[in-house]
Amino acid sequence: MILLVDLCYEKNSLSHYEFVHPIASHLNSSGFVCRITHFTDVTRDALDLYDKIILCGTALKDNYYAERLELFSWMKDCDKPVFGICAGMQIISAVFGGKIVPQPSIGLERIKIIRDSPLFGEPREIEGYHLHNFGVTLPEDFLLLAGNRGVVEAFWHGVRPIFGIIFHPEVRNRWILARFANL
Amino acid sequence: MLFSGGKDSVFACHRAMEKNEVACLITLVSENEDSYMFHTPNVRCTDLQAKAMGLPLLSWPTCGEKEEELQDLEAAIVEARERYCIQGVVTGAIESVYQAARVQKICRSLDLWCFNPLWQIDQMEYLRLLLSEGFRVIISGVFACPFDSSWLGAELTNDRIEELATLQKKYQINPSGEGGELETFVLDGPLFKKRIEILKASKSYDSYRGRFDIKEMRLVEK
């Protein structure tokens, strides 16, 4: 079972239809079982129930999650595959010593995948949907998968199956969700 | 709430009212029938829908030309903020990155929240949800092959939804019509205090393009 962590400003918010439901719907229709939990309700014990964890995105103005980073300390010693989307990537970066930095971008952009990985496969260019006010710096020991050091589009822990992407895979790149779910 | 009177904006408004307070509806009345951003058939009828829902309507003119209409949209949102102190904007966008990104950019420039509660929804599931939640929707325009004139004014029913599923497989149409294949008008729904009854309408149709123009309608107690 996959845990979808809702990072929106409150439980069952109007935003969760936009940032959590499309991911749940796609994974369900691909045969994966998911459960949605708001980030304020995630506990270390509850994580035992799940095989994989996805941290979903938030609305452009919604940065409440960044004020509650202490709630994500479980990630430091979590041995399960974790996938952070946009806000989720920002949290992974901050938890592992990187920084959340102002870097606004809205709309479709060319994404240059520069490294082979279980998440993307071979290097190539794709088009991805950006919707963020903040980007990240690459945490130490993380591998850059897409973009460049100035604009990190995707990263991988390298040793552990922890991935982050700043663009939204639920828009035109649902194959990325399926690849993560099949890891 | 950006409001065209079609099923997507009405359903998005329903979702918004379940979670937050909707301060007003904003309708952009486009002079261009082929507007990139704004649904046009029967858009002048949104005032009766607003009355049926008990919400104020801000009706704003736009020339409907590609980039100027975005400036008109921004002006309408600014006006709504002044009149109703809105903190955010809700849209009925489903798939269109073109529409969604532009509204997101306007909201960012005005420091407003932006909500798209139908974003990336499974379209067949959504059409069935409309019926199960009690919405009454008619087809107010068709703009693509293979839609014939029988669709004009027809109510969205389970049979029509199954037909759309078949057409999606055969012609790759977008079943909810977000690609501009068809337009809709909502007569009733759970957020309507009164329902709309159409008294007089006319159809025009030629070569897979047609409109169902509502000439007279009234509110009826539910």
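Residues numbered from 1 in each chain as written. Chains lettered and ligands numbered in written order. Predicted model: local features only at pLDDT ≥ 70, side-chain atom pairs only at ≥ 80, totals over all residues.

A. Up close: the overall build of chain A. In terms of helices and strands, chain A carries five helices and nine strands. Computed over C-alpha atoms, the radius of gyration of chain A comes to 15 Å, within 12% of the 16 Å expected from 2.2 N^0.38 for 183 residues, which places it in the range of a compact globule. Expressed as lengths along the three principal axes of its C-alpha atoms, the size of chain A is roughly 35 × 35 × 30 Å. Considering chain A as a whole, with its 183 residues, one finds that 46% of them fall into the buried category. Partitioning the contacts of chain A with sequence separation of at least 6, the portion at a separation of at least 24 is 69%. (Helix = DSSP H or I, 4+ residues; strand = E, 2+ residues; numbered from the N terminus. Rg over C-alpha atoms; globule rule 2.2 N^0.38 Å. Buried ≥ 20, exposed ≤ 12 C-beta atoms within 10 Å, placed from the backbone. Contact = placed C-beta atoms within 7 Å.)

B. Broad picture of the packing of helix H5 (residues 123-132) of chain B against helix H6 (residues 158-171) of chain B. Residue and element names in this part refer to chain B. Between H5 and H6, the least distance of the axes is 10 Å, while the angle of their chain directions is 175 degrees. As summarised for this structure, H5 and H6 are arranged roughly antiparallel, according to the angle between their axes. Between H5 and H6, the residues in contact are Met 124, Leu 127, Arg 128 and Leu 131 and Asn 158, Ile 161, Leu 164 and Ala 165, respectively. Among the residues making up the contact of H5 with H6, the classes are represented as six nonpolar, one polar and one charged. (Axes fitted to C-alpha atoms, helices over the stretch in contact; angles between N-to-C directions. Parallel < 35°, antiparallel > 145°, perpendicular 65-115°, else oblique. Nonpolar A, V, L, I, M, F, W, Y, C, P; charged D, E, K, R; others polar.)

C. Fine view of the interface of chain A and chain B. In this complex, chain A contributes 17 residues to the contact, which on the side of chain B involves 17 residues. Put simply, the parts of the chain that give the side of chain A that touches chain B at least two residues each are helix H1 (16-19), helix H2 (21-29), strand S5 (100-113) and strand S6 (124-136) of chain A. When residues of the side of chain A that touches chain B are assigned to their parent elements, the largest contribution, three residues, is made by S5 of chain A. Tallied by class, residues from the side of chain A that touches chain B come to ten nonpolar, four polar and three charged.

D. Examining unusual backbone geometry more closely. Residue and element names in this part refer to chain B. Between Cys 145 and Pro 146 the backbone carries a cis peptide bond, its omega angle lying at 15 degrees. Unusually for a residue other than glycine, Cys 85 sits at a positive phi of about 55 degrees. Counting through the fold element by element, Cys 85 comes out in the loop between helix H3 (68-84) and strand S3 (88-90). Its identity as a non-glycine residue notwithstanding, Asp 111 has a phi of 55 degrees, on the positive side. Along the chain, Asp 111 turns up in the loop between helix H4 (97-109) and strand S4 (113-115). Judged by local crowding, Asp 111 falls into the exposed class, with 9 C-beta atoms found within 10 Å.

E. The arrangement of the confidence of the model for chain B in detail. When pLDDT is averaged along chain B, the result is 92; 95% of the residues meet or exceed 70. Interface confidence for the predicted complex, expressed as ipTM, amounts to 0.95; the pTM equals 0.94. (pLDDT = per-residue confidence, 0-100.)

F. Geometry of the sheet that holds strand S8 (residues 209-221) of chain B. Residues and elements named next belong to chain B. Across the sheet, four strands lie side by side as S6-S5-S8-S7; this open sheet has antiparallel pairing. Sheet topology places strand S6 (182-188) and strand S7 (194-206) at the edges, where each strand pairs with a single neighbour. Sheet twist, expressed as the mean angle between neighbouring strand axes with direction ignored, is 20 degrees. Relative to S6, strand S5 (residues 136-143) is paired through six bridges, and the arrangement is antiparallel. Note on S6: the bridge partner recorded for Arg 136 is Asp 188. Of the strands in this sheet, S6, S7 and S8 touch helix H2 (residues 46-53), which is tilted by about 160 degrees from S7. (Pairing = 2+ DSSP bridges.)

G. Looking closely at the environment of Ile 165 of chain A. Residue and element names in this part refer to chain A. Mapped onto the elements, Ile 165 comes out in strand S9 (residues 162-165). Residue classification places Ile 165 among the buried residues on the basis of 28 C-beta atoms within 10 Å. On a C-alpha basis, the gap between Ile 165 and Phe 83 in space is 8.0 Å, while along the polypeptide they are 82 residues apart. What Ile 165 contacts, discounting residues up to four positions off in sequence, is Ile 85, Met 89, Glu 153 and Ala 154.

H. Structural detail: the pairing of strand S1 (residues 25-30) of chain B. All names here are of chain B. In terms of burial, S1 is a largely internal element, five of the six residues being buried. Bridge count between S1 and strand S2 (residues 57-62): six bridges; the pairing is parallel. Among the inter-strand pairings, Leu 25 is bridged to a residue of S2, identified as Leu 57.

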